[in-house]
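Listed below are the residues making up each chain.
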Amino acid sequence: MRVGLMGLGRIGRFHAGTLSRLAGELIVADADRRLSEEVAAETGAVVGDPWSADAVVIATPTSTHAELLLRACEQRIPVFCEKPAAPGVAETKRVAEAADRSGTLVHIGFQRRFDPGFAAARQALLGGELGELHRVHLLTGDPRPPAPEYIPLSGGIFRDCHIHDFDILRWVTGLEAETVYAAGANRGEAFFAAAGDIDTSAALITMADGTLVTLQGSRYNGAGYDVRMELAGTRATWAVGLGPRTPLHRADADEGADGRADDGVSSEGPWPDFQARFAAAYRAEIEAFLAAARGERGSPCTAGDALAALYLAEAADLSRREGRPVQLAEVTK
């Protein structure tokens, strides 16, 4: 299979390494010709027209996603696109409708679905090991904020960062949200507030069956990159993201035989960023996309899924701005 890759920034470059091992031929393209040639030399790819390939991977800036996805649907080329499908609801709807109308495979990159921990928690819940689900907790903490110039273009913390939490919540639980009540604060640099954004977030989500979900986020989690999910049922409680590289210090750590407190932190240190934490998941999602493009499986994460997660982000942002609970029905009209 010939695969075209558009956009060679940090995540695009990572995908290039994966695709160079999985694709029969990799065609790369970036607005920066020198970067295209550099990545091609590193991976054995060729610089050329990605639309001449059998499938395409989009890792370009967010503002270009909808246009490129619509073109893929028009040409009926299987396409993988980093989240989001588009910056806003109207454009995302257009993409989802075009995908349905054309029958084109559109896979949006929500890599947490391909992380073994989240997948195991989903299976445990579906298999009845947790009993009846009563509550869920989600946490995403970035160790440092993005570049100041990125924030006004990001769509805000709920659309840019917590969109992954909203997607994995739906995927793991199989439930849809009914109400969101969100809050936020600015505890760091002034450029967040200047862009109408926040750097610290929290939300209470009520699912359609009454399950309560709490959400927390930070752009200043100085201990390291931290992503966790806790699911509490009537039989058991499962946690995803707890391990030796979780940036969490145990205040009640047991003392070892040598008298030193053992808080379980690995000598490797905490996860430095999302790319390190989810490296295996990023590779697995590309493998799943190529399998779907070959017709070996269905779409792993559709444009419709991206739209559903975006509705949650829209409701959370509206709730935070207006200081009130927001029904999902208010943003899905």
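Predicted model, so just to flag it, every value in this text is computed and none were measured. (Residues numbered from 1 in each chain as written. Predicted model: local features only at pLDDT ≥ 70, side-chain atom pairs only at ≥ 80, totals over all residues. Heavy atoms only, no water.)

Asker: Tell me about the pattern of salt bridges, and please be specific about residues and values.
Answerer: For the coordinates displayed, the defined rule picks out 24 salt bridges. The salt bridge involving glutamate 314 is made with arginine 159; its shortest N-O contact spans 2.8 Å. Taken together, the residues glutamate 314 in helix α12 (residues 303-322) and arginine 159 in helix α7 (residues 157-160) connect sequence positions 155 residues apart. Its relative accessible area of 18% is what places arginine 159 among the buried residues. Note that aspartate 226 and arginine 228 form a salt bridge whose closest N and O atoms lie 2.6 Å from each other. Connected through shared salt-bridge partners, Arg113, Asp167, Arg170, Glu176 and Asp305 make up one network. (Salt bridge = Lys/Arg side-chain N within 4 Å of Asp/Glu carboxyl O. Helix = DSSP H or I, 4+ residues; strand = E, 2+ residues; numbered from the N terminus. Buried < 20%, exposed > 50% of the residue type's maximum accessible area, 1.4 Å probe, protein only.)

Asker: Lay out unusual backbone geometry with the relevant residues and their values.
Answerer: Cis geometry marks the peptide bond from lysine 83 to proline 84; its omega dihedral reads -5 degrees. Tracing the sequence through the fold places proline 84 in the loop between β5 (79-82) and α4 (89-102). Backbone geometry places arginine 76, a non-glycine residue, at a positive phi of 55 degrees. Topologically, arginine 76 is positioned in the loop between α3 (65-75) and β5. The exposure class of arginine 76 is exposed, given its relative accessible area of 55%.

Asker: Describe in detail the packing of aromatic side chains, supporting the description with residues and values.
Answerer: Tallied over the full model, the rule gives 6 aromatic pairs. With a centroid separation of 6.2 Å and 65 degrees between ring planes, the pair formed by phenylalanine 192 and tyrosine 220 is classed as edge-to-face. Linking phenylalanine 192 in helix α9 (residues 190-194) with tyrosine 220 in the loop between β10 (212-218) and β11 (226-233), this pair joins segments that are 28 residues apart in sequence. Through pairs of rings, three or more aromatic residues link up here, namely Phe14, Phe274 and Tyr282. Against the face of tryptophan 271 rests arginine 245, its NZ or CZ located 4.3 Å from the ring centre. Above the plane of the ring of phenylalanine 278 lies arginine 277, whose end atom (NZ or CZ) is 4.3 Å from the centre. (Phe/Tyr/Trp six-rings, centres within 6.5 Å; stacked < 30°, edge-to-face > 60°. Lys NZ or Arg CZ within 6 Å of the ring centre and 35° of its normal.)

Asker: How would you explain the sheet that holds strand β8 (residues 177-185) if you had to name every residue and give the values?
Answerer: Two orientations exist for strands paired in a sheet by backbone hydrogen bonds: parallel and antiparallel. Here we have 7 strands laid out as an open sheet, ordered β12-β11-β7-β10-β9-β8-β15, and mixed in their pairing. Sheet topology places β12 (237-240) and β15 (326-327) at the edges, where each strand pairs with a single neighbour. Of the pairings in the sheet, the one linking strand β7 (residues 133-141) to β11 comprises 8 bridges and is antiparallel in character. Residue pairing across strands places valine 136 opposite leucine 231, the latter belonging to β11. On the sheet, helix α5 (residues 116-126) packs against β7, β11 and β12 and is oriented at approximately 160 degrees with respect to β12. Lying on the sheet, α12 is in contact with β8, β9 (200-207) and β15; it crosses β8 at an angle near 50 degrees. (Pairing = 2+ DSSP bridges. Contact = heavy atoms within 4.5 Å. Axes fitted to C-alpha atoms, helices over the stretch in contact; angles between N-to-C directions.)

Asker: Could you give me a rundown of the pairing of β8, with the residues and numbers involved?
Answerer: With 8 bridges joining them, β8 and β9 adopt antiparallel strand pairing. From the neighbouring strand, alanine 182 faces β9, where its bridge partner is alanine 203. Alignment of β8 against β15, held across 2 bridges, turns out to be antiparallel. Within β15, the residue paired with threonine 179 across the bridge is glutamine 327.

Asker: Residue-level account of helix α8 (residues 163-173), with values.
Answerer: The buried fraction of α8 amounts to 11 of the 11 residues, a majority that puts the element mostly inside the structure. Ile163, His164, Asp165, Phe166, Asp167, Ile168, Leu169, Arg170, Trp171, Val172 and Thr173 are the residues of α8 that are buried.

Asker: Any details on the sheet that holds strand β4 (residues 55-58)? Residues and values, ideally.
Answerer: Spatially, the 6 strands line up as an open sheet ordered β3-β2-β1-β4-β5-β6, and their pairing is parallel. Sheet topology places β3 (46-47) and β6 (106-109) at the edges, where each strand pairs with a single neighbour. By the bridge criterion, 3 bridges tie β4 to β5 in an arrangement that is parallel. What sits directly across from valine 56, in β5, is valine 79.

Asker: Run through a nonpolar patch on the surface, naming residues and quoting values.
Answerer: Together, Tyr181, Leu204 and Leu212 make up an exposed nonpolar region whose accessible area comes to about 270 Å². Residue position: leucine 212 is located in strand β10. (Patch = residues over 30% accessible without salt bridge, like charges linked within 9 Å, V, L, I, M, F, W, Y side chains within 5 Å. Areas by Shrake-Rupley, 256 points an atom, 1.4 Å probe, with all protein chains shown as cover.)

Asker: Please provide a residue-by-residue account of the packing of helix α1 (residues 10-22) against helix α11 (residues 279-293), values included.
Answerer: Where α1 meets α11, the closest approach of the two axes is 10 Å, and the angle between their N-to-C directions is 55 degrees. By the angle between their axes, α1 is oblique relative to α11. The two elements α1 and α11 meet at a crossing, and its hand is right-handed. The segment α1 lies against α11, with Ile11, Phe14, His15, Thr18, Leu19, Arg21 and Leu22 engaging Ala279, Tyr282, Arg283, Glu285, Ile286, Glu287 and Leu290. Residue classes in the contact of α1 with α11 are distributed as 8 nonpolar, 2 polar and 4 charged. (Parallel < 35°, antiparallel > 145°, perpendicular 65-115°, else oblique. Left-handed = near helix turned anticlockwise from the far one by under 90°. Nonpolar A, V, L, I, M, F, W, Y, C, P; charged D, E, K, R; others polar.)

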